[in-house]
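Residue-level listing of the chains:
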Amino acid sequence: MRLPQLTSDRPFLTDGGLETTLVFHDGIDLPEFAAFPLLDSDEGVEALRRYYAAYLDIAEHHALGIVLDTPTWRASLDWGARLGYDAARLADVNRRAVEFVDRLASARSLPHTVLNGVMGPRGDGYQVGATMSATEAATYHALQARALAAAGADMISALTMTYTAEAIGIVRAASAVDRPVVISFTVETDGRLPSGQPLGDAVHEVDDATDNGAAYFMINCAHPTHFAEIIDAQPSWAARVSGIRANASRLSHDELDAATELDRGDIAELARLYQRLHAQLDLHVVGGCCGTDHEHVAAIAAALTGPTTGGARP
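Residues numbered from 1 in each chain as written. Predicted model: local features only at pLDDT ≥ 70, side-chain atom pairs only at ≥ 80, totals over all residues. Heavy atoms only, no water.

Peer 1: Looking at this structure, I do not really get the overall build of the protein chain. What am I missing?
Peer 2: Across its full length, the protein chain carries 11 helices and eight strands. The C-alpha atoms of the protein chain give 18 Å as radius of gyration, which agrees with the globular expectation for 314 residues (20 Å, within 12%). Principal-axis analysis of the C-alpha atoms gives the protein chain an extent of 45 × 45 × 40 Å. Burial statistics for the protein chain: of 314 residues in total, 58% are counted as buried. (Helix = DSSP H or I, 4+ residues; strand = E, 2+ residues; numbered from the N terminus. Rg over C-alpha atoms; globule rule 2.2 N^0.38 Å. Buried < 20%, exposed > 50% of the residue type's maximum accessible area, 1.4 Å probe, protein only.)

Peer 1: I keep staring at helix H5 (residues 134-150) and nothing clicks. Help me out?
Peer 2: Since the α-helix advances by 3.6 residues per turn, residues separated by three or four positions end up pointing in the same direction. Its 17 residues give H5 an end-to-end C-alpha distance of 23 Å, which sits within 8% of 24 Å, the value for a rise of 1.5 Å per residue. Of all 17 residues making up H5, 12 are buried, and the element is well covered by its neighbours. Looking only at H5, the buried set comprises Ala-134, Ala-137, Ala-138, Tyr-140, His-141, Ala-142, Leu-143, Gln-144, Ala-145, Ala-147, Leu-148 and Ala-149. Those residues of H5 that are buried lie in contact with helix H3 (77-82), helix H4 (87-106), strand E3 (113-119), strand E4 (155-161) and helix H6 (164-176). Of the residues trailing H5, Gly-152 is marked for its positive phi of about 105°. (Expected span 1.5 Å × (residues − 1). Contact = heavy atoms within 4.5 Å.)

Peer 1: Sorry, what's going on with the pairing of E3 here?
Peer 2: Within a regular strand, the side chains alternate between the two sheet faces. Taking burial as the measure, the seven residues of E3 include six buried ones, the bulk of the element. Pairing geometry for strand E2 (residues 66-69) and E3, over four bridges, is parallel. If you follow Ile-66 over to E3, its bridge partner there is Thr-113. Two strands pair when backbone bridges link them, and E3 and E4 are joined in this way by four bridges, in the parallel orientation. By the bridge assignment, Met-119 is partnered in E4 with Ala-158. Of the crossover connections in this fold, the one passing from E3 over H5 to the parallel E4 is right-handed. (Pairing = 2+ DSSP bridges. Right-handed = clockwise from strand over helix to strand, strands pointing away.)

Peer 1: Before we go on, may I ask you to explain the side chain of Thr-160 in this structure?
Peer 2: Residue placement: Thr-160 occurs in strand E4. In this structure the side chain of Thr-160 is engaged in a polar contact, spanning 2.9 Å, whose partner is the side chain of Trp-73. What Thr-160 contacts, discounting residues up to four positions off in sequence, is Trp-73, Pro-121, Gly-125, Ser-184, Thr-186, Asn-220 and Cys-221. (Polar contact = N/O pair within 3.5 Å; in protein donor to acceptor, adjacent residues only side chain to side chain.)

Peer 1: How should the packing of aromatic side chains be read in this particular structure?
Peer 2: The geometry of an aromatic ring pair is captured by two quantities: the separation of the ring centres and the angle between the planes. For the structure on display, the rule yields six aromatic pairs. Relative to Phe-100, the ring of Tyr-52 has its centre 6.0 Å away and its plane inclined at 65°; by these criteria the two rings are edge-to-face. Linking Tyr-52 in helix H2 (residues 42-62) with Phe-100 in helix H4, this pair joins segments that are 48 residues apart in sequence. For Tyr-52, a relative accessible area of 0% puts it in the buried group. In this structure an aromatic cluster arises from ring pairing among Tyr-51, Tyr-52, Tyr-55 and Phe-100. (Phe/Tyr/Trp six-rings, centres within 6.5 Å; stacked < 30°, edge-to-face > 60°.)

Peer 1: Before we go on, may I ask you to explain the confidence of the model for the protein chain in this structure?
Peer 2: Do not read the predicted coordinates in detail wherever pLDDT is low. Mean pLDDT over the protein chain works out to 94, with 97% of the residues at or above the 70 mark. In the predicted structure, residues 308-314 sits below a pLDDT of 50 and forms 12 contacts with residues beyond four places in sequence or in another chain. (pLDDT = per-residue confidence, 0-100.)

Peer 1: Explain the state of the cysteines to me, please; I cannot follow it from the model alone.
Peer 2: Cysteine pairs can be covalently joined through their sulfur atoms, and such a bond is termed a disulfide. Evaluation of the coordinates by the stated rule reveals zero disulfides. Distance from the sulfur of Cys-289, which forms no disulfide, to the nearest cysteine sulfur (Cys-221) is 4.0 Å. Cys-289 sits in the buried class, given a relative accessible area of 11%. (Disulfide = S-S within 2.5 Å.)

Laid out in structure tokens, this is it:
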């Protein structure tokens, strides 16, 4: 499957920081920072619907396609077990997550909607703890990949990857269910993965191990200033990076972990930095990560598309 975002001459949007928005803006408690259990209550479903509606509004306003994420970043075996979900319940909630975003998309008039089954790391998205081999990672993530594919996800994305072996395993798990897969790496303030590996080396390692199995790569959960220098050097591997989901804050991951208040950063500055990144990387997918909300994504969309075709600004 050739993903439409890779052939479009206009960027596709994604959403922002789902979990930080729900916690800090909406006052919703998310045990284990997991949003997927909200699908199990009417109130939770309504909170998710409101959240996604803001981004669908922006995409409609600018006549842009959208990569519409499922709220399943934590919906894997270990995280699910901590929240009382066995394998069967996890498979079910992953399927229902795809059906949920599909219903939202079906009610809109957008150039393109790509249903994106989101997966996250087995461990923490900010630091490397216990690690797996690529084979172990493929086995661990297989249940979620199967459930997302069976429900009709157009693609699978692995967000906040902190080391390459797990990313390789996820590419293999997605390939086994015949879904395009995107790998999005977390980077620290020095532009390296939490494992210490340079970003370019990580991209090459995943590509070499999977025969270029990822549709493309992304960078997320970092402020653009954390990786600007390595992009400025115009490395050859940068052509494989087609998406950015940046943090609003310039803080390090350790500082963000310790923060008790949300740092929304400088929205106008973030939009300008996306303009620069778009010129350097020819970005196909843009959105936000920790601390960003619909206002950040609206500013980014306006910066990258210029004047709109009319209608009220979200």
